[in-house]
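Overview (structure and organization)
Okay, here's what each chain looks like letter by letter:
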Amino acid sequence: MNIFTLEDIQVSFNGETALDIGRLDIAPGAVTALSGPNGAGKTTLLRVMAGLLRPDRGRAAYMGEPVAYGGGGAGHRRRVSLLHQDPFMFRGRVIANVAFGEIARGRSQSDAEGKALLALEQAGCAHLAERSAAALSGGERKRVALARSLATGAEALLLDEPSAGVDAENTGRMRDVIASLAESGKTIIMSTHQPDWAAPIADVSVRLAYGKIDPSG
Amino acid sequence: MASWRGFLAGLWLLAFLAAPAQGAPAVLKLATTTSTQFTGLLDWLHPHFEKRHNVRIHTIAVGTGKALRLGRNGDVDVVLVHAPGAEKKFVAAGHGVCRRSVMYNDFVIVGPAADRAKILGIGDTSAALRRIGAGGAVWVSRGDDSGTHKKEAALWRGAGIDPGGAWYRSLGQGMGETLKAADEMRAYTLSDRSSFLFFAARGKVDLKVLVEGGRELLNPYGVIAVNPERHPHVRYELAMKYVQFLVSPEGQRLIDSFRLKGKKLFHPSTAPARPGN
Amino acid sequence: MEFLLDGIREGILLVLRADPDVMAASWVTVRVSFGATAVAGLIGLPIGWALASRRFRGRGAAISVIQTLLGVPTVVIGLVVYGLLSRRGPLGFADLLFSPTAIVIGLVILSVPIVSVFTMTAISSVDQRARETALTLGASSRLAAWMVLREARFGLIAAILGAFGRVSSEVGIAMMLGGNIKGYTRTLTTGIALESMKGEFGFGIALGVVLMAIIFLTNIGTRILQKS
């Protein structure tokens, strides 16, 4: 069974079509790379799958169930987590940010922080735990945000340009972390404008252009 | 849930702010002219009345015109003002009952000592005003529909002048501001004597009395209870007690003995209470 | 110059001596200002939040209306509320005119647009990603809204403080709706207006000193709260 099934999805902003997908199936446990130029609809597609953006029409299903949007969608959003290209950090310490997802699920403070520390280690940034989130560099923010999504225990991680804004040395480390997550059974769907960077770990590649799936890709 | 509780807390707070203190004395609302308040006359008179009747007088000091409007709207229980013409109309229109003369002082025309219009010592008010209107001098008017403003308008009419133009500056402010403005502009103005003495005695303005004494310059104060038939909610009985207090021998004696820095500002109405006046 | 200095000296002495008239006006000011700010916060914060976070029909019009209300002169508010509360007005039966409550009502109308607009700006300036981040980490929409408020909290505190500063220094509404009744509705500002009319510099300055002290202490108190 496919983990995501999208049919006839259309999204437009201010009358301009941003996304127009006839059909897209995504296999579980795989790393799917979405490539394409800026404005191709990669971020929009990820937001639709994350349950954050309700498409104007069409059906999006996760594990055979329609993706829920709006106020009642917490169930879906607890199984799928989106990592923004330029992640937002809540005011406060890094550890509190990473523990947020578990706190939102009603776990105790200490349980949540324990899981948060594990996730920080997995993402290779446990040393940042006590820092103020506001003081992180762009690359650090990206890794902490990955840990934060990881700590939620989500089955599928949607990563928007995980290598962008990360310096050359760390893009490799980021790729290794993603690969190890995939190995541990997570489904990864990531967008990138650097197909070469993604190629070594991507099981499937999907190319978007002008909001549509590019059949030549 | 939390916001709902906050909302209730807010309502409670509003109720707390709105609730009158329990066992508080009755309140009588008096609208009056600024001159009676800031000279301190009412602070001198009211404690006697408040103690005797266990009442708090809420004094709202505005111009005579506004005071009469508050009475007409039923927003106060009693008015103490100085514009006999307007007061009579107020009673005739049924807004108030039982108008009584309380006291009087007089108006004076004041101006800079330099007196460019040369009006010092002119006995005839109209003649003095005509000289001011003839040019060269500046006149400052209250322009606020107060008793003083109404009197001033009547005096200009009496002098046969329709004042206007650059020399006539209508402020729309109280007596204190008007006197201070006249002082700053080296201009002439009309003031009740009590206000003028109040400011002059304390060196707040450097103006001189230039015209005084005419009959038309008398400034009588009257008190009127708001008509309970128009406004059933007014505290009519209390208002009548206040009216009677002001015209009683005690009230009249208190007015007679009031001094500001040794100066007598108000004269009690010598005439005893005459029904129907 | 001596005139001014004498006034300041006399004013400070009156404050130090805890002059009863100064104290009474201070108490009235504190009561109506805190009351009006609290009520305006309860009304204005949700309005500002809704304008910033919700997309509904008429939202643009509502923002325009509230921004226009920001500029309405206080005397106009005073007149309108006077018309409502006067015995001849629709709410005359409540007998509220010339009471502290009447001032609170006028000040609430003055400050609700202030709180609403400041709140809207504060929440809008928080990144839209704050909400999305909370949501995608599994937060309920209620918790996500809370996180946005939490991120905007300095702006929200500024909204409340701005409203407090405005209402505690307001004079037209307090004068028209309170009537400047000594010991009852005489606030620091209407007291200053009366004393300046009388040319009583010292007393006016005493009241001004207390007014500034109240606003200053409120700011300090808020800073301490923010730190803790």
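Since this is a predicted model, take the numbers as computed values, not measurements.

1. What about the overall build of chain B?
If you tally the helices and strands in chain B, you get 11 helices and 12 strands. The 277 residues of chain B split such that 45% are buried.

2. Describing the interface of chain A and chain C
Listed per partner, the contact involves 18 residues of chain A and 15 residues of chain C. Sorting the residues of the side of chain A that touches chain C by element identifies helix 2 (74-77), strand 6 (80-83) and helix 3 (94-104) of chain A as the ones contributing at least two each. Looking at which element gives the most residues to the side of chain A that touches chain C, the answer is helix 3 of chain A, with 3 residues.

3. Some details on the packing of helix 5 (residues 100-125) of chain C against helix 8 (residues 153-168) of chain C
Residue and element names in this part refer to chain C. Direction vectors running N to C along helix 5 and helix 8 enclose 160°, while the axes themselves pass 8 Å from each other. Here helix 8 runs roughly antiparallel to helix 5, going by the angle between their axes. Handedness of the crossing formed by helix 5 with helix 8: right-handed. Touching L107, L110, S111, I114, V115, F118, T119, T121, A122 and S125 of helix 5 are G155, L156, A158, A159, I160, G162, A163, R166 and V167, all from helix 8. When its residues are assigned to classes, the contact of helix 5 with helix 8 shows 12 nonpolar, 6 polar and 1 charged.

4. Topic: the interface of chain C and chain B
Facing 21 residues of chain C, the contacting portion of chain B comprises 25 residues. Going through the elements one at a time, helix 2 (20-53), helix 5 and helix 10 (188-198) of chain C are the ones with two or more residues in the side of chain C that touches chain B. At 5 residues, the largest contribution of residues to the side of chain C that touches chain B is made by helix 2 of chain C. Here the residues of the side of chain C that touches chain B are counted per class, giving 10 nonpolar, 6 polar and 5 charged.

5. What to know about the environment of L211 of chain C
Residue and element names in this part refer to chain C. With respect to the helices and strands, the residue L211 is situated in helix 11 (residues 201-227). In this structure L211 comes out as buried when scored by C-beta crowding, with 21 C-beta atoms within 10 Å. With 23 residues separating them in the primary sequence, L211 and L188 have C-alpha atoms 6.5 Å apart. Dropping the residues within four chain positions of it, L211 is found in contact with T29, S168, S169, L188 and T189.

6. What to know about the nonpolar core
Judged by nonpolar contacts, the single largest core of 205 residues is most densely connected at M49, V98, A147 and L158 of chain A together with V78 of chain B. Residue contributions to this core peak at 16 residues, all from helix 5 of chain C. In contact with A147 of chain A, other than residues within four places in its own chain, are V98, A119, L120, Q122, A123 and C125 of chain A.

7. Structural notes on the domain arrangement of chain B
Residue and element names in this part refer to chain B. Each assigned domain of chain B is listed here: domain 1 (21-105 + 220-268) and domain 2 (106-217). Centre-to-centre, using C-alpha coordinates, domain 1 lies 27 Å away from domain 2. Every contact between the two is made by 18 residues of domain 1 and, on the other side, 15 residues of domain 2. With 3 residues, helix 2 (residues 34-38) is the largest single contributor of residues to the side of domain 1 that touches domain 2.

8. A word on the arrangement of the chains
Of all 2 pairs of chains in contact, the one with the most contacts involves chains B and C. There is no contact between chain A and chain B; across them, the least C-alpha separation is 17 Å.

9. Some details on the sheet that holds strand 6 of chain A
Residues and elements named next belong to chain A. Pairing is mixed across the open sheet formed by 6 strands, whose spatial order is 6-7-8-3-9-10. The sheet is open, and its two borders are formed by strand 6 and strand 10 (212-213), each paired with just one other strand. Across 2 bridges, strand 9 (residues 204-209) lies against strand 10 in antiparallel orientation. Across the sheet, L208 pairs through a bridge with I213, a residue of strand 10.

10. Some thoughts on unusual backbone geometry
One non-glycine residue, R186 of chain B, lies in the positive phi region at around 50°. Locating R186 of chain B in the fold gives a position in the loop between helix 8 (175-185) and strand 7 (188-192). The partly exposed category is assigned to R186 of chain B, around which 15 C-beta atoms lie within 10 Å. Non-glycine residue F98 of chain C carries a positive phi angle of around 60°. Tracing the chain through its elements places F98 of chain C in the loop between helix 4 (74-85) and helix 5. According to the C-beta neighbour criterion, F98 of chain C is buried, with 27 such atoms within 10 Å.

Calculation criteria
- Residues numbered from 1 in each chain as written.
- Chains lettered and ligands numbered in written order.
- Predicted model: local features only at pLDDT ≥ 70, side-chain atom pairs only at ≥ 80, totals over all residues.
- Helix = DSSP H or I, 4+ residues; strand = E, 2+ residues; numbered from the N terminus.
- Buried ≥ 20, exposed ≤ 12 C-beta atoms within 10 Å, placed from the backbone.
- Contact = placed C-beta atoms within 7 Å.
- Axes fitted to C-alpha atoms, helices over the stretch in contact; angles between N-to-C directions.
- Parallel < 35°, antiparallel > 145°, perpendicular 65-115°, else oblique.
- Left-handed = near helix turned anticlockwise from the far one by under 90°.
- Nonpolar A, V, L, I, M, F, W, Y, C, P; charged D, E, K, R; others polar.
- Core = buried A, V, L, I, M, F, W, Y, C linked by C-beta atoms within 7 Å.
- Domains from an automatic or database assignment.
- Pairing = 2+ DSSP bridges.

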